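Each chain, written out:
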Amino acid sequence: MTNWKKKYNDKISKDLMQEYKYSSIMQIPRLEKIVINAGVGDATKDAKMIESMYNEIQAITAQKPIMTMSKKAIATFKLRENQNIGVKVTLRGNKMWNFVANLINVALPRVRDFKGLPKNAFDGRGNYTIGIKEQIIFTEINFDQIKRIRGFDITFVTSTNDDKQSFSLLKSIGLPFGKR
């Protein structure tokens, strides 16, 4: 069991149970999964771009991503149907908690002029999405080997449908929210 999972089981779940006065431990919100999604628009021109993003996401998450494909052809963008246009990985269990620890302790402190994560990025159903502008904030990425600086989205999927409870969960886990 990882440190963060142990912290959740021992302290955070008990604190949330007292704060919201749940009658059962099954009502406590929990982090179910983390989905990392990267769209690679340049993949229509150069197939090597998607391969490099695939390798970078794999290095960051220590899990093999899947390719996402276009659903329909759009001639204006030179996009064909079923063409690879992005990569996605879903983290659960220990890999999810290891990623959370890496994100909070290593990656986010490396962001230039970091003032905290925005509080308004909840979707109304208890899920929280942040955008990472540069993949180089992760130490697993070798700066000399990247072809282009890219960003990706990280979505925290929780078991609750309430944004307020989800915010309490993510804040107690340790996500550094800003004042905005």
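Everything that follows concerns the structure shown earlier in this document.
Residues numbered from 1 in each chain as written. Predicted model: local features only at pLDDT ≥ 70, side-chain atom pairs only at ≥ 80, totals over all residues. Heavy atoms only, no water.

Caption draft 1: Main features of the environment of Leu103. Looking at the secondary structure, you find Leu103 in helix α3 (residues 93-107). Separated by 43 residues in sequence, Leu103 and Ile60 have C-alpha atoms that sit 9.8 Å apart. The contacts of Leu103, once residues within four sequence positions are left out, are Leu108, Pro109, Ile130, Phe138, Ile154, Phe156 and Leu175. (Helix = DSSP H or I, 4+ residues; strand = E, 2+ residues; numbered from the N terminus. Contact = heavy atoms within 4.5 Å.)

Caption draft 2: Seen up close, the pattern of salt bridges. If you walk through the whole model with that rule in mind, you get 2 salt bridges. For the salt bridge of Lys6 with Asp10, the shortest nitrogen-to-oxygen distance reads 3.1 Å. Of this pair, Lys6 and Asp10 both sit in helix α1 (residues 3-20), 4 residues apart, which is roughly one turn of the helix. Residue classification places Asp10 among the partly exposed positions, given a relative accessible area of 40%. With its nearest N and O atoms 2.7 Å apart, the salt bridge here joins Asp15 to Lys11. Of this pair, Asp15 and Lys11 both sit in helix α1, 4 residues apart, roughly one helical turn. (Salt bridge = Lys/Arg side-chain N within 4 Å of Asp/Glu carboxyl O. Buried < 20%, exposed > 50% of the residue type's maximum accessible area, 1.4 Å probe, protein only.)

Caption draft 3: Quick peek at the packing of aromatic side chains. Counted under the stated rule, the structure contains 10 aromatic pairs. Ring plane angle 35 degrees and centroid distance 6.4 Å describe the contact between Tyr128 and Phe156, whose orientation is recorded as tilted. Taken together, the positions of Tyr128 in strand β4 (residues 128-132) and Phe156 in strand β5 (residues 152-158) put the pair 28 residues apart, joining distant regions of the chain. Here Phe156 falls in the buried class, since its relative accessible area comes to 1%. (Phe/Tyr/Trp six-rings, centres within 6.5 Å; stacked < 30°, edge-to-face > 60°.)

Caption draft 4: Representation of the nonpolar core. In terms of nonpolar packing, the biggest core is built from 48 residues, with Ile34, Leu103, Phe152, Ile154, Phe156 and Ile173 touching the most fellow members. Those elements that place two or more of their residues in this core are α1, β1 (31-39), α2 (47-61), β3 (84-91), α3, β4, β5 and α4 (163-173). With 8 residues, α3 is the largest single contributor of residues to this core. (Core = buried A, V, L, I, M, F, W, Y, C linked by side-chain atoms within 4.5 Å.)

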